[in-house]
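Chain residues, written in single-letter form:
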Amino acid sequence: MHRNPPTRQEKTMPDLISRAEALTPSLRARAAELDEARQLPADLVAELKEAGFFRMFVPRSHGGHEADLRTGMTVLETLATADPAVGWTVMIGSETPQLLAFLARETFDKMYAAGPDVIVAGGFSPQGTAVPAGDGYLVDGRWAFGSGSTHADWIFGNCVVPPPPPAGSTDGPPPLRSVLVPASQARVVDTWRVLGLLGTGSHDVEIRGVQVPAEHTFDLFAGVPSIPGPGFTAPLMHFVLHLGAVATGIAQGALDATVTLAGEGKHRLYARSRLADSQLFQVGLGRSDLTLRAARALLATTADEVWTLCSSNPAGLPAIGPRVSATLTWVTDAALSVVDTCYRTAGGQAARDSSPIQRRFRDMHTFSQHAAAAEGWLGGHGTAILGETGGLSY
């Protein structure tokens, strides 16, 4: 995989990246197993925990690595290059401390009292209700796309807080509240039968009639983190860039597999020469490599800009929010074009389930359906350029 020059903190924390690289052969060998299981097997989750990936953003004060943004993105890209489902699922699980930082500091400390490898899964979309009751909320809902839910310790769901009866007229949308419950109080509904990213276990999750104490609730979009440091400032921006790293990892895996196929002397049917000797193939390969490098470079410079603002000028973050969101859309489109080129040029072998190119074709097209990569974010950036109100607020 082609990397950007390491950051200062990457140089002082090489283990996470080298451990991800060391796992690459074993992760590639388990691709079919993960697809069939439609989740990460327990032994693999344990191996990923042991490697420290789920604790990489946890504060050092709580037993984690407190990795900077670029280091985390490199780890996620490396894992996604080896196996997209692993890269995706580690991404979700490793973001746990940034979600939990929206809780009160005392509650955050309790969450990590038993160790740093806490994993939260759930849904950002407000697909549940949280009715104020006693010292908390009575919660009922079902959330789609709960990646990693089969091995999560806690399940969260974003909820609408309905107005108290009798319901009067309200101005604007109802307030939202995210809730956390132990995994034992939620139900994983087996729904993850999809095109790609099969091994992520992104099933629906249900929380039905559970009383959730107020200390286990937070405001996902307007909350203020209780943990200091740039890694906990504007976490939603970090999440967007993490997604971009997974996208470039998927594309790099497809490119690597295509180069390997060509190097093995692949001939297209009716072709006079090897695939590697085809000028058309060489042009497509060159264009794809440069497209991927450009996407990675854009992610890197954007991440550095975000990290600098998180470290020294958080007030400047809202101004770049629309551009950060649009960056993911552009990077997703770029990664998709790379994967599609690899698939087209590889010939009939790429249509087989056993092909790593076909698998990444499925994974990347599934990734591209994510709401965070929707085309509308480009419009938000365009609106911001014109100086009008628009884009996502962080």
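Up top is the structure.
Here the structure is a predicted model, which is why all the values come from computation and not from measurement.

## A word on the layout of surface pockets
One number sums up the size of the largest pocket: a volume of about 1000 Å³. Lining the largest pocket are 38 residues, and of these Phe 124, Leu 243, His 370, Ala 371 and Ala 372 lie nearest its centre. Going through the elements one at a time, helix H6 (84-94), helix H7 (96-100), strand S1 (120-133), strand S2 (136-146), helix H9 (235-263) and helix H12 (356-367) are the ones with two or more residues in the lining of the largest pocket. Residue contributions to the lining of the largest pocket peak at eight residues, all from S1. Its residues placed into classes, the lining of the largest pocket shows 24 nonpolar, 13 polar and one charged. Counted as a void, the second largest pocket has a volume near 450 Å³. Considering the residues around the second largest pocket, the lining is formed by 24 residues, among which Ala 257, Ser 354, Ser 355, Pro 356 and Ile 357 are closest to the centre. At the level of elements, helix H2 (15-29), helix H3 (31-37), H9 and H12 are the ones that each hand at least two residues to the lining of the second largest pocket. Of the residues assigned to the lining of the second largest pocket, the class counts are ten nonpolar, five polar and nine charged.

## Quick look at unusual backbone geometry
Even without a glycine there, the phi angle at Glu 66 is positive, about 50°. Note on placement: Glu 66 falls in the loop between helix H4 (42-51) and helix H5 (69-82). Classification of Glu 66 by relative accessible area gives partly exposed; the value is 27%.

## Some words on the sheet that holds strand S7 (residues 217-218)
In space, the seven strands of this open sheet follow the order S5-S6-S2-S1-S3-S4-S7, with mixed pairing throughout. Looking at the sheet topology across the chains shown, the edges are occupied by strand S5 (187-189) and S7. As paired strands, S1 and S2 are joined by six bridges and run antiparallel to one another. Of the residues in S2, the one forming a bridge with Ala 130 is Val 139.

## Comments concerning H5
Taking 1.5 Å per residue as the helical rise, H5 with its 14 residues ought to reach 20 Å, and the 20 Å between its terminal C-alpha atoms agrees with that figure. H5 sits mainly inside the fold: 14 of its 14 residues count as buried. Capping the start of H5, Asp 68 holds a side-chain oxygen 3.0 Å from the backbone nitrogen of Arg 70, two or three residues further along.

## Some details on the nonpolar core
In terms of nonpolar packing, the biggest core is built from 85 residues, with Leu 48, Phe 53, Val 86, Val 139, Ile 207, Val 306 and Phe 367 touching the most fellow members. With 13 residues, the single largest contributor to this core is H9. In this structure Phe 53 touches Leu 16, Arg 19, Ala 20, Leu 23, Leu 48, Val 75, Leu 79, Val 90 and Ser 94, once residues within four positions along its chain are discounted. Ranked by size, the runner-up nonpolar core spans 20 residues in total, among them Val 58, Tyr 112, Phe 218 and Leu 220.

## A look at the packing of aromatic side chains
Under the defined criterion, the tally for this structure stands at eight aromatic pairs. Measuring from centroid to centroid gives 6.0 Å for Phe 102 and Phe 218, while their planes differ by 15°, and the two rings are stacked. Pair noted here: Phe 102 is in the loop between H7 and helix H8 (105-111) and Phe 218 is in strand S7, with a separation of 116 residues, a long-range link. As far as the burial class goes, Phe 102 and Phe 218 line up, both buried. Plain terms: the ring middles of Phe 145 and Trp 192 are 6.3 Å apart, the flat faces sit at 90° to each other, and that makes the pair edge-to-face. Placement of the pair is Phe 145 in strand S2 and Trp 192 in the loop between S5 and strand S6 (203-213), with a sequence separation of 47 residues. A relative accessible area of 7% means that Trp 192 is categorised as buried.

## Some details on the pairing of S2
Successive residues of a regular strand alternate their side chains across the two faces of the sheet. Here S1 hands over to S2 after two residues, with Gly 134 in that stretch at a positive phi of 60°. Pairing between S2 and S6: nine bridges, direction antiparallel. Its bridge partner lying in S6, Leu 138 is registered against Gln 211.

## What to know about the pairing of strand S4 (residues 176-182)
Judged from the seven bridges that link them, strand S3 (residues 154-160) and S4 form a sheet pairing that is antiparallel. Looking at S4, one finds that Cys 159 is bridged to Arg 177. Summarising the sheet, S4 and S7 pair through two bridges and their orientation is antiparallel. Bridging from a neighbouring strand, Ser 178 pairs with Phe 218 of S7.

Parameters and conventions
Residues numbered from 1 in each chain as written. Predicted model: local features only at pLDDT ≥ 70, side-chain atom pairs only at ≥ 80, totals over all residues. Heavy atoms only, no water. 1 Å grid on protein atoms, 1.4 Å probe; cavity = no way out; pocket = protein on both sides within 12 Å on 5 of 7 lines; lining within 4 Å. Points joined across faces, edges and corners; volume = space filled by probe spheres on them. Helix = DSSP H or I, 4+ residues; strand = E, 2+ residues; numbered from the N terminus. Nonpolar A, V, L, I, M, F, W, Y, C, P; charged D, E, K, R; others polar. Buried < 20%, exposed > 50% of the residue type's maximum accessible area, 1.4 Å probe, protein only. Pairing = 2+ DSSP bridges. Expected span 1.5 Å × (residues − 1). Polar contact = N/O pair within 3.5 Å; in protein donor to acceptor, adjacent residues only side chain to side chain. Core = buried A, V, L, I, M, F, W, Y, C linked by side-chain atoms within 4.5 Å. Contact = heavy atoms within 4.5 Å. Phe/Tyr/Trp six-rings, centres within 6.5 Å; stacked < 30°, edge-to-face > 60°.

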